[in-house]
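# Secondary and tertiary structure notes
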Amino acid sequence: HRDLHSFPTRRSSDLESIALFENICSSIDGAGAAGHGHVHTQRLSSSHAFHSRAMEPILEEYERVAATVTVTVKEPKQGSKGPIFISGTRAKIMTGDELNSSYWTAHLREPVNFADAFSFLQREKCCSTYVEIGPQPVLLGLGMSSLPVEEAMASSCVWAASIRKNESNWVTMLTSVGKLCLAGLKIDWGRRTTKTKVSRGLLPNYPFQRERYWHSS
């Protein structure tokens, strides 16, 4: 929430500050959190406190290295759909020219404005299908919590993960592909790569009657 962003310290490396912040979040009731109930916190297993002042010692060197990398965002043709890049810190569409070394250096230091970026995505692009590519679908949960419950759980809204912890990668990916297929997205089945032999099966081309054929006695 916005009022939590004004917390006097963002020194993520300071364990005492983190503990104090956790206590503040756990003490907030529904009224204090804009009606959203208890504020959940979770410590991250991370080598460094990214998006904090703990990054400042490396910013100068980071910008020098980032300057050697060119980022290209292919602009979609007029009237057609194409990939876009929405900044998680600035909550707006970024062009290739804007994704320079200065941007990435600021991105490393600035706090993430996920709620604002997700709201922009909803408001400007009216998205209803979300795929998270990563080791654990953390952002899908944040996205769902950013929407009203009835909208997030609507059948028209698809939330698909690439892989999950403690679950077979292929099970997760194929389950998500099935969701996308049912949602009407075109799947290029020819580009599937796996060492496992998979055979295609035919399904009935008529609606299931859903009638029971079982003797009552």
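The structure under discussion appears in the preceding block.
I will try to describe carefully the structure that is included in this document.

Rules used throughout
- Each chain has its residues counted from 1, following the order in which its sequence is written.
- The model is predicted, so local features are restricted to residues of pLDDT at least 70 and side-chain atom pairs to those at 80 or more, both for listing and for counting; the totals for chains, interfaces and linings are taken over all residues.
- Think of the side-chain values as coming from all heavy atoms in the structure, minus any hydrogens and water.
- Under the scheme used here, helices are H or I runs from DSSP no shorter than 4 residues and strands are E runs no shorter than 2 residues, and both carry numbers assigned from the N terminus.
- The buried label goes to any residue with under 20% of its type's maximum accessible area, the exposed label to any with over 50%, and the partly exposed label to all in between, with areas taken from a 1.4 Å probe on protein chains only.
- Only the protein chains shown count as covering a residue, and every accessible area follows the Shrake-Rupley method with a 1.4 Å probe.
- For this analysis, a polar contact is any N or O atom pair within 3.5 Å, provided that within protein one partner can donate a hydrogen and the other can accept it, and provided that sequence-adjacent residues contribute only side-chain to side-chain pairs.
- What makes two residues a contact is simply this: any of their non-hydrogen atoms within 4.5 Å.
- Two rings belonging to Phe, Tyr or Trp (six-membered ring only in the last case) form a pair when the distance between their centres is within 6.5 Å. Interplanar angles under 30 degrees mark stacking, angles over 60 mark edge-to-face geometry, and anything in between is tilted.
- To define axes, lines are fitted to C-alpha atoms, for helices over the stretch in contact only, and angles between the resulting N-to-C directions are given on a 0 to 180 degree scale.
- Left-handed describes a crossing whose near helix is turned anticlockwise from the far helix by less than a right angle; the clockwise case is right-handed.
- In plain words, nonpolar cores are sets of buried Ala, Val, Leu, Ile, Met, Phe, Trp, Tyr and Cys residues tied together by side-chain atoms within 4.5 Å.
- Salt bridges are counted wherever a side-chain nitrogen of Lys or Arg sits within 4 Å of a carboxyl oxygen of Asp or Glu.
- At least two bridges found by DSSP between two strands are what make those strands a pair.
- A patch consists of residues whose relative accessible area exceeds 30% and which take part in no salt bridge; residues with like charges are grouped when within 9 Å of each other, and nonpolar side chains (Val, Leu, Ile, Met, Phe, Trp, Tyr) when within 5 Å.

## As for the overall build of the protein chain
A tally of helices and strands in the protein chain yields eight helices and two strands. When the helices and strands of the protein chain are listed from N to C terminus, the series reads α-α-α-α-α-β-α-α-β-α. Considering the protein chain as a whole, with its 217 residues, one finds that 21% of them fall into the buried category. Summed over all atoms, the accessible surface of the protein chain reaches about 17100 Å², with 55% contributed by carbon and sulfur.

## So, the side chain of Ser87
Tracing the sequence through the fold places Ser87 in the loop between helix 3 (59–66) and helix 4 (101–109). The buried category is assigned to Ser87, whose relative accessible area is 0%. In terms of polar contacts, Ser87 uses its side chain to reach the backbone amide nitrogen of Arg90, at 3.0 Å. Beyond its immediate sequence surroundings of up to four residues, Ser87 is in contact with Lys92, Met94, Tyr103 and Ala117.

## What to know about the packing of aromatic side chains
One pass over the structure, following the stated rule, counts six aromatic pairs. Judged by centre distance (6.0 Å) and plane angle (75 degrees), the ring pair of Phe85 and Trp104 falls under edge-to-face. You can see Phe85 sitting in the loop between helix 3 and helix 4 and its partner Trp104 sitting in helix 4, a full 19 residues away along the chain. Here the aromatic rings of Phe114 and Phe118 are separated by 5.9 Å at their centres, their planes lie at 25 degrees, and the arrangement is stacked. Placement of both Phe114 and Phe118 in helix 5 (residues 114–125) is noted, with a separation of four residues, approximately one turn of the helix. Using a relative accessible area of 23% as the deciding quantity, one classes Phe114 as partly exposed. Here the aromatic cluster, defined as three or more aromatic residues joined through ring pairs, consists of Phe114, Phe118, Tyr130 and Trp159.

## What to know about the packing of helix 3 against helix 4
Between helix 3 and helix 4, the least distance of the axes is 8 Å, while the angle of their chain directions is 140 degrees. Handedness of the crossing formed by helix 3 with helix 4: right-handed. Where helix 3 approaches helix 4, its residues Leu59, Tyr62, Glu63 and Ala66 are matched on the opposing element by Ser101, Ser102, Trp104, Thr105, Leu108 and Arg109.

## Some details on the nonpolar core
Ranked by size, the top nonpolar core spans nine residues in total: Phe118, Leu121, Tyr130, Leu140, Leu147, Ala152, Cys157, Trp159 and Ala161. When residues of this core are traced back to their parent elements, those giving at least two are helix 5 and strand 2 (158–161).

## Quick word on the pattern of salt bridges
Think of it this way: side chains of opposite charge can pair up when their charged atoms draw near. One pass over the structure, following the stated rule, counts four salt bridges. Salt-bridge contacts for Glu98 lead to Lys92; the nearest nitrogen and oxygen are separated by 3.7 Å.

## Observations regarding the pairing of strand 2
Working note: regular strand, side chains alternate between the two faces of the sheet. Residue alternation in strand 2 divides its side chains into two sets, Val158 and Ala160 and Trp159 and Ala161, and both sets are buried. As judged from the four bridges shared by strand 1 (residues 129–132) and strand 2, these two strands associate in the parallel manner. Counted as the bridge partner of Glu132 is Ala161 from strand 2.

## Topic: unusual backbone geometry
Phi is positive for His51, close to 60 degrees, though the residue is something other than glycine. Tracing the sequence through the fold places His51 in the loop between helix 2 (15–27) and helix 3.

## Here's the deal with helix 4
Along helix 4, the residues classified as buried are Ser101, Tyr103, Thr105, Ala106 and Leu108. Buried residues along helix 4 sit in contact with helix 3. Two to three positions downstream of the cap, the backbone nitrogen of Ser102 sits 3.2 Å from a side-chain oxygen, assigning the N-cap of helix 4 to Asn100.

## Quick notes on a nonpolar patch on the surface
A cluster of nonpolar side chains, contributed by Val138, Leu139 and Leu142, occupies part of the molecular surface with about 250 Å² of accessible area. Considering the arrangement of structural elements, one finds Leu142 in helix 6 (residues 138–145).

## Some details on the environment of Ser52
Examined against the element boundaries, Ser52 turns out to sit in the loop between helix 2 and helix 3. Distance in space between the C-alpha atoms of Ser52 and Arg109 is 5.3 Å, their sequence separation being 57 residues.

## Some details on the side chain of Thr172
Here Thr172 is to be found in helix 8 (residues 169–182). On the accessibility criterion, Thr172 (3% relative accessible area) is buried. At 2.4 Å, the side chain of Thr172 forms a polar contact with the side chain of Glu167. The contacts of Thr172, once residues within four sequence positions are left out, are Ala161, Ser162, Ile163, Arg164 and Glu167.

Geometry only, nothing functional implied.
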